[in-house]
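Here's the letter readout for the chains.
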Amino acid sequence: VQLVESGGGLVQPGGSLRLSCAASGFTFSSYTMSWYRQAPGKERELVATIGSTGGSTNYADSVKGRFTISRDNAKNTVYLQMNSLKPEDTAVYYCYRRRDYWGKGTLVTVSS
């Protein structure tokens, strides 16, 4: 199992970013996928989850209405579209698959 995140970077408050997680080594379309984040000095927290077919999604209250999780099973990729970014969204964002498989993360910094 391999999960590789990309798309992080520095963005101004109010800006947008789209994160991608390319998955390999398993039958991607059979698994729920999630995005987590960990801010400096804080515990890792669940941001969003998407069901195997993309038909169900769930979000942390802190990102509802601003972030959208989606997936393309043909490309074995899960996405996180982040809009109206705030400084408190600054964190390393991780892709996760159950049974404790994690990517290495991508850093998102929201700052002016």
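The text that follows walks through the structure, step by step, so that each part is easy to find. All values derive from a computational prediction rather than experimental measurement.

Rules of the game
Residues numbered from 1 in each chain as written. Predicted model: local features only at pLDDT ≥ 70, side-chain atom pairs only at ≥ 80, totals over all residues. Heavy atoms only, no water. Disulfide = S-S within 2.5 Å. Helix = DSSP H or I, 4+ residues; strand = E, 2+ residues; numbered from the N terminus. Buried < 20%, exposed > 50% of the residue type's maximum accessible area, 1.4 Å probe, protein only. Pairing = 2+ DSSP bridges. Salt bridge = Lys/Arg side-chain N within 4 Å of Asp/Glu carboxyl O.

## Some words on the state of the cysteines
Summed over all chains, the structure comprises 1 disulfide. Linked covalently through their sulfurs, C21 and C95 form a disulfide whose S-S length is 2.1 Å. The sign of the -85 degrees torsion about the S-S bond sets the C21-C95 disulfide as left-handed. Taken together, the positions of C21 in strand 3 (residues 17-24) and C95 in strand 9 (residues 91-97) put the pair 74 residues apart, joining distant regions of the chain. Across this residue pair, the class does not change: C21 and C95 are buried.

## Overview of the pairing of strand 7 (residues 67-72)
By the alternation rule, side chains of strand 7 split into F67, I69 and R71, which are all buried, and T68, S70 and D72, of which none is buried. When strand 7 meets strand 8 (residues 77-82), the two strands line up antiparallel, connected through 6 bridges. Bridge pairing links F67 to M82 in strand 8. Taking the residues between adjacent antiparallel strands as the criterion, strand 7 and strand 8 are bridged by 4 residues, where N76 takes a positive phi near 55 degrees.

## Concerning the pairing of strand 3
In this structure, strand 1 (residues 2-6) lies alongside strand 3, joined through 5 bridges in antiparallel fashion. For S6, the partnering residue across the bridge sits in strand 3 and is S20. The sheet contact formed by strand 3 and strand 8 spans 6 bridges and is antiparallel. By the bridge assignment, L19 is partnered in strand 8 with L80.

## Section: unusual backbone geometry
Phi at R99 takes a positive value of approximately 80 degrees, unusual for a residue other than glycine. By the element assignment, R99 lies in the loop between strand 9 and strand 10 (101-102). One non-glycine residue with positive phi stands out, namely D100, at about 70 degrees. On the secondary structure map, D100 appears in the loop between strand 9 and strand 10. Overall, D100 belongs to the exposed group, its relative accessible area being 56%.

## Section: the pattern of salt bridges
Under the counting rule described, the total for this entry stands at 4 salt bridges. Between R37 and E45 there is a salt bridge, with its nearest N and O atoms 2.6 Å apart. Classification of R37 by relative accessible area gives buried; the value is 6%. For E45, a relative accessible area of 32% corresponds to the partly exposed category. Here D89 makes a salt bridge to R37, at a shortest N to O gap of 2.9 Å. Of this pair, D89 sits in the loop between strand 8 and strand 9 while R37 is found in strand 4 (residues 33-38), placing the two residues 52 residues apart along the sequence.

Structural measurements only, silent on function.
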